Amino acid sequence: MSVTGHEPDDDPNADPPPEDPWAFPPPPPPAGWGRGNASPPAALPPWAAPPVPPPAGGGQGEEATGETAFAGDADPWRIPPQPRWDPAHEPPPTQHTVNDVPVPETAPGDRAPAYEPPPAPDRGLPPTQEPPATIFDLPPSATSRSTPRPPGSRMPAGGHGGPAYDPTQQWQPGAPPTMYDEPWRRDTPQRGRRTVRLKPILFTVAGLVVVALIAGGVVFLTGRGPLHHTTTGPAAQLAGATFAPDPAAKADGHDQELLGVASAGSIVVAVGGETETADYRGEFLVSSDGGRSFRLADVRTPDGAEPGYGDTPRVIAGSAGAWVALGGSHAGTAVWTSRDGQTWIRQPDSTGAVFGRDKIARVARTASGFVAVGDTSQKGDYSDAVPVVWLSSDGRQWERLGNDQLKMSLPGGPLSLIDVAAHGNVVLAYGWATNGKGQIVKDGVWRSSDGGRTWASVDIPHPKGTAGPGIAVAATPAGFIAGRNAHSKSEQYGVVLTSADGSSWRKAGEIHLPGYGGLQRLASSDRGLAAVIGGDKKVLIARSPDGGTWQNGGDVPVSSGRTIEGVAVTAGATIVAARENAGQDTDAVLAVRDTLGQELPVDVAAIPGVVRPDQTVTSVATSPNLRVAVGGTNGDGAVWTSPDGSRWTRASDTGGALARPGKQRLINVTSGAAGWVAVGYDGDRPLAVTSPDGTSWHSAAGFDPGSGHAATYAAAYGKAGYVIVGESGSSAGTWVSSDLKSWTPGSGGDLEGTKTANRWMRGVVAGASGYVAVGGVSDPSVKDAPQGRPAVWTSSDGVKWTLKQLPQPSGALEGWFDHVAVRGSLLVATGTAATASGRTAFAFVSADGGASWQEVRLPKAGQDGADSSDRNSTATALTATPHGFVIAGAAGRTGRTDVVLWTSADGRSWVAQTPQGTGLSGRGDQWLTGLAAAGTELLGVGISADHRGEQPTLWRRPVP
């Protein structure tokens, strides 16, 4: 990280981006992750939303099908489930599910849920909110956000509108009940995802649901106060070693997967990514030795800057001199290009805009560029699917050809293009028509001789023994190859046909392997051919030099949690990309077999930079003699203590309170007369733990949030004792305890919300006159627009609360509070507001204990232009100090988000500072997620991240 904050991509005198679309600008020296810690560990910001269960009868808790879920619109990346091939009863379609699990006949939108966080109950899409431009399937590891995104609060339970609505998430039923020491823990889910059965490769296009958060728009200009670039105090530390992962943990706490793979010569590129718990980190794994070893490829933007998180490369193709990958992003479709497959450029969002809401199935390299195929749906559920083709000469600019230009059709149902292969500028596209039950009723192949611009139907023969639909196609150095399933009285086998021009076909050979269960995919490169075939608890690999003769190329075991996603072939190896859920979390798999079928060991977890252990510090609090930081590692909650803020020790006496099957995170902590209390989430349930001394932690005695949805966000200590706030169903939730031994829930009409007007709390403090909690309410009187607005509750005892609804921040469409701090009778509350094209931090102040509030103007923080905080700033933490108040925020574009501090003595007049240095500014994204004052020292914890991963930061400086 730069100490001055001036990176090469900020230099106004720097050379413009190269015109060569495949040129990769030489990156600057990588930002250091600290001595002795070359692999930046992962971390989670506290705004990562805890999961919530569905409402009773709300329709989101239906039995999962074993497929991946898609909420909101029907999933446009979902290929309809196909029937099992049974030669004894029906003609064989090519597709065969290796595990032979019956596929439920679900509608295209009924997909099983992604891991975390599930959505809040009963929330509907605000009428004016558009779904994401392009939607992919959500891979098992993908979650709602990626770390280097400005924080955004989770949508509360209940009604229409509210914070950070995410239409792609859906609640997932938990696993069988697990007994814990709290009697209310009845529905804790098992860690990891539901078992995902093996999907047939040829007929399944798994992708990524691009999660659309209401980032909102450019917010009102909050003023032009003084802006100070400062290096006051020491730089932040990269604290991966200080807040280290649990050495005894059996899992890394993150999910990894590979979603596609391609080869050209000795170059192999596998694409996929890793969840950083708060979001998704897309990855390119590249091999230059034919698949025997891999490394993590470098990815940059066209100007050499850091790409943002949240992107997932899904389909990939290339050859010598030009590669392209397509996938999902928060903005829609993401596009990457590469000259050599080893270094990649993430193209601007505008490059992927042409794909709109269409579904991309596959992409191929032609002599003149690239061709991608897929389909689109006017209804959104793909019951009216029609084909789409996209063309590009360089990967940076794409042209869309709709079916009015393609003129493709099949009788029997909607038509989807599923696969594509190209030899020179001759292209073959394969597609099928399905009926209302998702069954293939007809399939076909179309040929283009001009790189994909014009098409004509072509017939691929049915040799003896073959019948019905189902074709696998691939391009070879000599032309094309196609495969069909066949059967005789004694066996099932494959028939292979070849063609020099894609028009005239001849039978070339047959594939006979013991246990043959159905051809799934053909893969080809200039170094050979490979076929992937379903078998009993494994997939079989066959190799051929020419398509005529086939040899056993080994097999890849398929457990109940393994899904094969792609295959590539080189001269000496066949490479299978997969993902596997072994019960703890999901792991990426590269299964490599040599030409004799022997395993070439490739351990994805051992590739530097690919797998980062979950490592999170979200909040910090102080007492006269102790500092306590909370977060999580390896998927479990974690606590660290320090006597002085510099030397930290992990709390080890936690029993089973912070190590359970559900993925855990502690997000807030406070101290009081009886000890400490920390809150967060455990799977889809609240998590509350207590400690008499900060080092020994146990489940909160007597804390029962009830059997419905509940979430805990913050805690405070005051005259009546400890108060925890969050939400309970559609209502704001509070729980109070005088001694940490028993808890009483809050009550009263001012807490209660409805399914169309929910209420939520996100922060709480205790002052001289009682407790003040902040959050938001959903205003049902606002029609056809986001409804969330700021709200404050006051209480003298933590049980009975009085609500005060505040106006929206100036110029904002929507906003609510996330943090509150108190100093004497003075209160400051902060949040993030949104309009049409950005988001901005905002603040309110109260001088009378929370009875009345006034909005205050936060001065601009950050740079002008694309990095202007007027377009993108968020409030991430807040604390009171002996001198007043400090707000921590983040400002700048994704991939270059820097820490901002706003300071004030009276809560009304604010000064902005942009501290510089490691962990605070420079390439990548930085946030402070927790602040606390300890005497004259300000203590901050947070995150520093780039596309290589993330790790915690620790900052100690004098109180400003």
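Residues numbered from 1 in each chain as written. Predicted model: local features only at pLDDT ≥ 70, side-chain atom pairs only at ≥ 80, totals over all residues. Heavy atoms only, no water.

Observations concerning the overall build of the protein
Assigned secondary structure in the protein consists of 1 helix and 57 strands. Burial analysis of the protein (960 residues in total) assigns 66% to the buried set. Here the contacts in the protein between residues at least 6 apart in sequence split such that 62% fall between residues at least 24 apart. Summed over its atoms, the accessible surface of the protein is roughly 30700 Å², and 51% of this surface lies on carbon and sulfur atoms. (Helix = DSSP H or I, 4+ residues; strand = E, 2+ residues; numbered from the N terminus. Buried < 20%, exposed > 50% of the residue type's maximum accessible area, 1.4 Å probe, protein only. Contact = heavy atoms within 4.5 Å. Areas by Shrake-Rupley, 256 points an atom, 1.4 Å probe, with all protein chains shown as cover.)

Quick word on the confidence of the model for the protein
Summary statistics for the protein give a mean pLDDT of 77 and a share of 74% for residues scoring 70 or more. Within the protein, strand 15 (residues 399-401) carries the highest mean pLDDT (98), whereas strand 1 (residues 227-230) carries the lowest (45). Below pLDDT 50 for its whole length, residues 1-231 participates in 803 contacts with residues either more than four positions away or in separate chains. Across residues 864-870, confidence stays below pLDDT 50; counting only partners more than four residues off in sequence or on other chains, it has 20 contacts. (pLDDT = per-residue confidence, 0-100.)

Remarks on the sheet that holds strand 29 (residues 573-581)
With antiparallel pairing, 3 strands are arranged side by side in an open sheet as 28-29-30. Strands at the two margins of the open sheet, each flanked by one partner only, are strand 28 (562-569) and strand 30 (586-594). Direction aside, neighbouring strands of the sheet carry axes that sit 20° apart on average. Note: strand 28 against strand 29, 7 bridges, orientation antiparallel. Bridge assignment links Val569 to a residue of strand 29, and that residue is Thr574. (Pairing = 2+ DSSP bridges. Axes fitted to C-alpha atoms, helices over the stretch in contact; angles between N-to-C directions.)

Quick word on the packing of aromatic side chains
Here the structure, examined in full by the defined rule, presents 16 aromatic pairs. Where Phe243 meets Trp640, the ring centres are 5.1 Å apart and the plane angle is 75°; that geometry is what we call edge-to-face. Remark: Trp640 occurs in strand 33 (residues 636-642) and Phe243 occurs in the loop between strand 2 (237-238) and strand 3 (256-264); sequence separation between them is 397 residues. Its relative accessible area of 0% is what places Phe243 among the buried residues. Put simply, the rings of Phe284, Trp323, Trp336 and Trp344 touch in pairs and so form one group of aromatic residues. The ring of Tyr382 carries Lys359 above its face, with NZ or CZ at 4.6 Å from the centroid. Sitting over the ring of Tyr713, Arg762 keeps its end group 3.8 Å from the ring centre. (Phe/Tyr/Trp six-rings, centres within 6.5 Å; stacked < 30°, edge-to-face > 60°. Lys NZ or Arg CZ within 6 Å of the ring centre and 35° of its normal.)

Digging into the pairing of strand 44 (residues 770-778)
Judged by how many residues are buried, strand 44 sits mostly within the fold: 9 of 9 residues are covered. Relative to strand 44, strand 43 (residues 759-767) is paired through 8 bridges, and the arrangement is antiparallel. Its bridge partner being in strand 44, Val765 is matched across the sheet by Val772. Between the end of strand 43 and the start of strand 44, which pair antiparallel, lie 2 residues. One ladder, built from 8 bridges, connects strand 44 with strand 45 (residues 788-795); its direction is antiparallel.

Remarks on the pattern of salt bridges
Under the counting rule described, the total for this entry stands at 25 salt bridges. Its salt-bridge partner being Arg400, residue Asp358 comes within 2.6 Å of it at the nearest N-O pair. Of the two residues, Asp358 sits in the loop between strand 11 (343-346) and strand 12 (359-366) while Arg400 sits in strand 15, which places them 42 residues apart along the sequence. The exposure class of Asp358 is buried, given its relative accessible area of 5%. Residue classification places Arg400 among the partly exposed residues on the basis of a relative accessible area of 33%. Put simply, Glu937 and Arg956 hold a salt bridge, and the shortest N to O gap is 2.9 Å. Remark: Arg956 occurs in strand 57 (residues 949-958) and Glu937 occurs in strand 56 (residues 937-946); sequence separation between them is 19 residues. (Salt bridge = Lys/Arg side-chain N within 4 Å of Asp/Glu carboxyl O.)

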